[in-house]
Amino acid sequence: MESTNLLRNTQEELRQAVAALGLPDEVYDILAEPRRMLEAHLLVRRDDGRTVRYPAWRAHHNNARGPYKGGIRFHPGVNADEVKALAVWMTLKNAVIDIPMGGAKAGVAVDPSDLSPRELETLAREFIREFASFIGVDRDVPAPDVNTNEQIMAWMMDEYARMHDDADIFAIFTGKPLALGGSQDRLEATGQGVAIVAEAAMRRRGLAPRAARVAIQGFGNVGTHTARYLAGRGIAVVAVSDVRGGILHPRGLDVEALVAHVRRTGSVVDFPGTTPLTNEELLTLDVDVVIPAALENQVTESVAGAMRATVVVEAANGPTTPEGQAELDRRGVLVVPDIVANPGGVYVSYLEWVQNRHGYYWPREDVAGRLAAAMERAFDTVYELAQEHGTNLRQAAYRLAVGKVAEAMRLRGWY
Ligand code: NAD
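These numbers were taken from a predicted model, which means no experiment stands behind them.

Undergrad: For this particular structure, what's the right way to read the layout of surface pockets?
TA: Regions of empty space are outlined by a rolling probe, equal in size to a water molecule, passed over the atoms. Considering only enclosed or pocket space, the largest pocket measures out at about 1,500 Å³ in volume. Forming the walls of the largest pocket are 48 residues, and the residues nearest its centre are Asp145, Val146, Asn147, Asn221 and Val222. Taken together, the elements giving at least two residues each to the lining of the largest pocket come down to β3 (68-74), α3 (80-96), β5 (140-144), α7 (221-232) and α13 (344-358). Per-class residue counts for the lining of the largest pocket are 17 nonpolar, 21 polar and 10 charged. Residues lining the lining of the largest pocket come from more than one domain, with at least three contributed by each of domain 1 (34-171) and domain 2 (189-341). Of the voids in this model, the second largest pocket is the one considered here, and its volume is about 320 Å³. What lines the second largest pocket is a set of 20 residues, and nearest its centre among them are Asn9, Glu13, Thr320, Pro322 and Arg394. Put simply, the parts of the chain that give the lining of the second largest pocket at least two residues each are α1 (3-20), α11 (322-330) and α15 (393-412). Ranked by residues supplied to the lining of the second largest pocket, first place goes to α1 with 6 residues.

Undergrad: Looking at this structure, I do not really get the side chain of arginine 46. What am I missing?
TA: Relative to the assigned elements, arginine 46 resides in the loop between β1 (36-45) and β2 (51-62). What makes arginine 46 buried here is its relative accessible area of 11%. Ignoring anything within four residues of it in the chain, the contact list for arginine 46 reads Val52, Tyr54, Asp114, Leu115, Arg118 and Glu119.

Undergrad: Sorry, what's going on with the sheet that holds strand β9 (residues 275-277) here?
TA: Whether parallel or antiparallel, the strands of a sheet pair through hydrogen bonds between backbone atoms. What the 7 strands build is an open sheet, ordered β9-β8-β7-β6-β10-β11-β12; its pairing is mixed. Strand pairing shows two members of the sheet lacking a second neighbour, β9 and β12 (334-336), which therefore form its edges. With strand direction ignored, the average angle separating the axes of adjacent strands in the sheet is 20°. Two elements, strand β8 (residues 245-248) and β9, share 3 bridges in a ladder whose sense is antiparallel. The residue of β9 that forms the bridge with glycine 246 is leucine 277.

About the cut-offs
Residues numbered from 1 in each chain as written. Predicted model: local features only at pLDDT ≥ 70, side-chain atom pairs only at ≥ 80, totals over all residues. Heavy atoms only, no water. 1 Å grid on protein atoms, 1.4 Å probe; cavity = no way out; pocket = protein on both sides within 12 Å on 5 of 7 lines; lining within 4 Å. Points joined across faces, edges and corners; volume = space filled by probe spheres on them. Helix = DSSP H or I, 4+ residues; strand = E, 2+ residues; numbered from the N terminus. Nonpolar A, V, L, I, M, F, W, Y, C, P; charged D, E, K, R; others polar. Domains from an automatic or database assignment. Buried < 20%, exposed > 50% of the residue type's maximum accessible area, 1.4 Å probe, protein only. Contact = heavy atoms within 4.5 Å. Pairing = 2+ DSSP bridges. Axes fitted to C-alpha atoms, helices over the stretch in contact; angles between N-to-C directions.

Here it is as structure tokens:
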């Protein structure tokens, strides 16, 4: 992954936001890098008897507004710079969606598909043994991210509890199974939030959602739930893709049947009644809305130049390069940036933390209703700021987030 660029690009956005807000350079200096970062080497005895060492990091970016919060990613390409960039985004995202939490992230350089279930559990528990001193219910609250899930959170929570005299520490992790203090709607939340924001963006563009056509790159957790929610609202999802390729149905896919097909075959390809297409073709299809929900750096300058959609909603983190954004701005395309489009998951994680701390659990409708209201509020605030200042939504979102974090830092006396 182009992680050095991700960090550099984010720092450039931060620099511009600090300057536009008339804040002192110290604010940029504090936000440009994490407050601290712990690096460890996790030792796992493999099933064949060998001990293998996996590099791991947790970055604490900023906690001016509340405890550090961010996911744990297991991926062979993960590195220190990527973890730093992802931690910065968490601080910004949490400020945009307005939860009282700061930003953190962890990564372990491992290919989890290469591990047996026992090896994976050992790795998860080893992560906690190395990083326990860094985390805490009021200090740093981790969650799942790419290639980590509810089961991994359950093992990590159990290991932490064993190390701390079996204290009730449900609130130390979010994204847990329902049976262990998880929240209703957590799994679906990021995709639902993306879909809610996509609909709001269509309206601002004067597109009637029921008449719009949407293409989604990536059909994992986020892409699937985005597609389901949109289809449930009567909005046509005409194309989706995954790492193996894409499919098109010009009148709209039967998303529930597609989900069943993916469950059976492991991929969207060969879904009956559809035309195959490549990932690049999907991004440049003749549709109204494109939702990149897979990877970083997908919408490059050349892809942006060929795109026909008038709205792009960034479900993935960092899918648009700065050159891609500039080209889309030039062509008048409305880009809803990642820190506005995808905080639904962390928002419901925050609600999970609140429920754990009170020992009182809300029904799905309550959680989903709060999520919808928070996403709409954040989108509207950023959209109106962008109108007021004549900027794109990314610049407006960075200004909103940096302004909130800077105010908290000033009141604490950090500058
Ligand atoms: P996932 O692993 O469940 O799904 C990723 C999808 O992308 C899969 O369908 C995969 O096949 C596809 N993909 C991989 N490489 C591809 C390629 N080269 N071309 C096209 N498709 C490809 O991951 P996810 O949890 O859905 O996350 C997707 C993105 O959303 C990531 O950028 C992640 O950081 C971001 N995100 C996720 C959450 C969350 O709650 N899961 C929250 C915020 C942001």
